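# A closer look at the structure
If you want the building blocks of each chain, they are given just below.
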Amino acid sequence: MSSAATPMPAAAHLPPPPIPPLIGGDKTLAGVTRDICQPLEARPTRLWWIGLALAASALLLGVVSVVYQIAMGIGVWGLNKTVGWGFDITNFVFWVGIGHAGTLISAVLFLFRQRWRTSVNRAAEAMTLFAVMCAGIFPLIHMGRPWLAYWFAPYPNLRGPLWINFKSPLVWDFFAISTYFLVSALFWYFGLIPDLATIRDRRWPGLRTRICSVLSLGWTGSARAWHRYETVYLLLAGLATPLVFSVHTIVSMDFATSVIPGWHTTIFPPYFVAGAIFSGLAMVLTLMLIARKTMRLEHYITSRHVDAMCKLMLSMGCIVGLAYGTEFFMAFYSGNPYEQFVFLNRAGGPFRGAYWTMVICNVVIPQVLWLQRVRANFAAVFVISIFVNIGMWFERFVIIVTSLHRDYLPSSWASYTPTIIEITTLIGSFGLFFTCFLLFCRFIPVIAMAEVKGVLEPASDRHPSAKSGEAA
Amino acid sequence: MSSRVVLASFADEHDVLDAVRTLRTRGYTVRDVFSPHAIHGMDEAMGLRPTRLTWVCFVCGAIGLFGMLWFQNWANAVDWPINVGGKPWNSLPAEAPVAFEMLVLLAAFGSVIACLAVNRLYPGKADATPPRATDDRYVVAIDVTPASPREHLTQTLESCRVVDVEDRLVAAEDKR
């Protein structure tokens, strides 16, 4: 190859384009406090009330259908003895996946010292918590007798004690999801403490100051406290990073440890983790683009943030696309007729609509993100993020239902159509998610003030002429 | 018993770092610095020792990992052995996921609880934040005695572009 020896083209000598600042609008420290706290102190906007009304209605619909299916038993679902998992586990895996981007942004990007994460990490972590809450509901309902859910915990009981079976992936899942929820909640709260102190010190009359005063635990911003705080934050990030990979790995093992064609593959753990982060990033983009517009956060969530998240989403989308291809190749290469049948059936069988929706939404559409022009167009990014959300929901549906509906014995072949109860439960889970998110936007600073202040360029760096002899 | 401190406020991150370094080289005792965000390099400027909280994290994690490995072995192989598809009673790979989750859970909660305890942060604690230190000011608390000459301190602070200086009486038990 001679290209290495050829001189650099002339274009390489052009100065690089200027990098836009992380936080726009030439903000001061007090400006950050004011901008983030003001929406909390003002009356909610009409848009917020409309959003809350819609979300709470969806939640109510979900509550009614959950109560109904618990009272009647899960026979009200469209499942049968061949297709034993349908909407329930699809929704469960979908919601767990959504949560993963929050931890990616808060922990993984923290370890990689990506300073742009500071504007989005608070909201992304909140999204993780709410998504895991939504996810947890589905296995709980699926138990049929959710009031016995505590049987999952290994406690000394009067049945022997008969311990739980620690060799079961479902038990692993219980431990993984509960740990994930608890550690995410802890990480989120720990990151909130300095901001709660900031709200407390604004001394806004009313209950909020008193609540923040209790929850901020007497935080003063002392350098000794910050020093330890930073260490523990780093430790939490270091713990949350393998945790987030373990969670979806274990979720994938619910499938991969079985002997169902299309599930029993070693690609599942990385494939699920990439898919989870992909769907989560799409949801972060959806939420942040809405929050940016409705809460006037244009200076905090800038084109640099959206651009970085789009690039991450694109790379994850490519990994997911590669996984789809690899699955097909392995089915062909394995020489296993059941495996081969499952994949041909996915692309051409009765659920081919779901399969091709998944491929178009997850692999084809995100490719336009290679274009810088598209990444800079927020309306386009918003539409793409919605497509990815839809595509990733269908991915889980395709994995679960197409593998199950064609059993080893053709006499047990069946089909699956969700009932209205299953659809309203899915709508209800979105209602729960958005209700929680809207309440979060209303009562908790959506942007981590203390972290944004840390990445703000000091005034002396921005206006060097104002001072003399200052070393940067 | 109570002692006196001078609270010197700064508006810029670089100024406060500069001030802490200058004050310490000139022999003043910097009791603490209050800031709205963590300042890179402040631990070094104040001469703080590295925290031992990492050890708390390690020990809690180890307890979670080995404790859960032992418990799974005891529960599924000793106390009530369950035959699952002819697998060994005490199958280590099958025990790894739950043991790992417990490692993370205990290490995370252990380090946060230890951090709050060492910083003496708890619900209902009366806050003693200097004005604006959680908003936009960097405040340095300097120990002073009634005998120490104040002009020299004022001069030093002014050379570091101090914004505001305030004298305060603090209870002795606040001293850490």
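Residues numbered from 1 in each chain as written. Chains lettered and ligands numbered in written order. Predicted model: local features only at pLDDT ≥ 70, side-chain atom pairs only at ≥ 80, totals over all residues.

### Side note on the overall build of chain B
To keep things clear, this is the line we draw: Working definition: helices are DSSP H or I runs of at least four residues, strands are E runs of at least two. Numbering for both runs from the N terminus. The globule rule is 2.2 Å times the number of residues to the power 0.38, and the radius of gyration it is compared with is taken over C-alpha atoms. Put simply, a residue is buried when 20 or more other C-beta atoms lie within 10 Å of its own C-beta and exposed when 12 or fewer do; between those, it is partly exposed, and each C-beta is set from the backbone. Whether two residues are in contact is decided by their C-beta atoms, placed from the backbone, lying within 7 Å.
Counting its secondary structure elements, chain B contains five helices and four strands. Counting from the amino terminus, chain B carries its helices and strands in the arrangement β-α-β-α-α-α-β-α-β. For 176 residues, the compact-globule estimate of 2.2 N^0.38 gives 16 Å, and chain B exceeds it by more than 25% at 25 Å. C-alpha atoms of chain B, sized along the principal axes, occupy 85 × 35 × 30 Å. A total of 176 residues make up chain B; the buried ones form 43% of that total. For chain B, contacts bridging at least 24 residues in sequence account for 83% of all contacts bridging at least 6.

### Details of the overall build of chain A
In terms of regular secondary structure, chain A is built from 16 helices and zero strands. Relative to the compact-globule value of 23 Å for 472 residues, chain A shows a C-alpha radius of gyration of 24 Å, a close match. Out of the 472 residues belonging to chain A, those deemed buried represent 47%. Long-range pairs, those at least 24 residues apart, make up 83% of the contacts in chain A with a sequence separation of at least 6.

### A word on helix α8 (residues 268-294) of chain A
Residues and elements named next belong to chain A. Heads up, the rule is: Helix span, as expected, comes to 1.5 Å for every residue beyond the first.
Here α8 spans 39 Å end to end across 27 residues, near enough to the 39 Å set by a 1.5 Å rise per residue. A large share of α8 lies buried, amounting to 20 of its 27 residues. Downstream of α8 by a residue or two, R296 has a phi angle that is positive, lying close to 55 degrees.

### Topic: the nonpolar core
Applied cut-off: Here a nonpolar core is just a set of buried residues of the types Ala, Val, Leu, Ile, Met, Phe, Trp, Tyr and Cys, joined wherever their C-beta atoms sit within 7 Å. Segmentation of the chain into domains, including their bounds, is taken from an automatic or database domain assignment.
Counting 182 residues, the largest nonpolar core has V96, M127, F278, L281, V284 and M313 of chain A together with A8 of chain B as its most contacted members. Looking at which element gives the most residues to this core, the answer is helix α7 (residues 223-256) of chain A, with 18 residues. Both domain 1 (2-36 + 133-174) and domain 2 (53-118) of chain B contribute no fewer than three residues apiece to this core. Discounting residues that sit within four places of it in the chain, M313 of chain A has contacts with F278, L281, A282, L285, P366, L369 and V388 of chain A.

### Thoughts on the domain arrangement of chain B
Per the domain assignment, the segments making up chain B are domain 1 (2-36 + 133-174) and domain 2 (53-118). Just the C-alpha atoms count here: the centres of domain 1 of chain B and domain 2 of chain B sit 47 Å apart.

### Examining the interface of chain B and chain A
Many structure descriptions define interface size as the accessible area lost when the parts assemble. Opposite the 57 residues of chain B that make contact, chain A presents 55 residues. At the level of elements, α1 (13-25), β2 (29-34), α2 (42-46), α3 (53-79) and α4 (92-118) of chain B are the ones that each hand at least two residues to the side of chain B that touches chain A.

### Quick word on the packing of helix α3 (residues 87-111) of chain A against helix α13 (residues 378-405) of chain A
Residue and element names in this part refer to chain A. The test is simple: Each axis is a line fitted through C-alpha atoms, and for a helix only the stretch in contact is used; angles between axes span 0 to 180 degrees, taken between their N-to-C directions. In what follows, roughly perpendicular refers to angles from 65 to 115 degrees, roughly parallel to angles under 35, roughly antiparallel to angles over 145, and oblique to any angle outside these ranges. For a crossing to be left-handed, the near helix must be turned anticlockwise from the far one by less than a right angle; the clockwise case is right-handed.
Contact geometry for α3 and α13: axes closest at 9 Å, N-to-C directions at 140 degrees. Judged on the interaxial angle alone, α13 and α3 are oblique. Regarding α3 and α13, the two cross each other, and that crossing is right-handed. When α3 is examined against α13, the residues I89, T90, V93, F94 and G97 are found in contact with a partner set consisting of M392, W393, R396, F397 and I400.

### Digging into helix α10 (residues 337-348) of chain A
Residue and element names in this part refer to chain A. Basically, it comes down to this: It is the directions from the helix axis to the C-beta atoms whose arc is reported.
In this model, α10 (twelve residues) spans 16 Å end to end at C-alpha, consistent with the 16 Å of a helix rising 1.5 Å per residue. The complete set of buried residues in α10 reads V342, F343 and R346. Burial along α10 is one-sided: seen end-on, the buried residues are contained in an arc of 90 degrees. Set apart from the buried face of α10 by more than 90 degrees, the exposed residues are P337 and G348. Buried positions along α10 lie against α9 (303-334), α11 (352-364) and α13.

### Structural notes on the environment of L40 of chain A
All names here are of chain A. Relative to the helices and strands, L40 is located in helix α1 (residues 29-41). Using a count of 17 C-beta atoms within 10 Å as the deciding quantity, one classes L40 as partly exposed. Along the sequence, L40 and F443 sit 403 residues apart, while their C-alpha atoms lie 6.0 Å from each other. Those residues in contact with L40 that lie beyond four places of it in its chain are F443 and P445.

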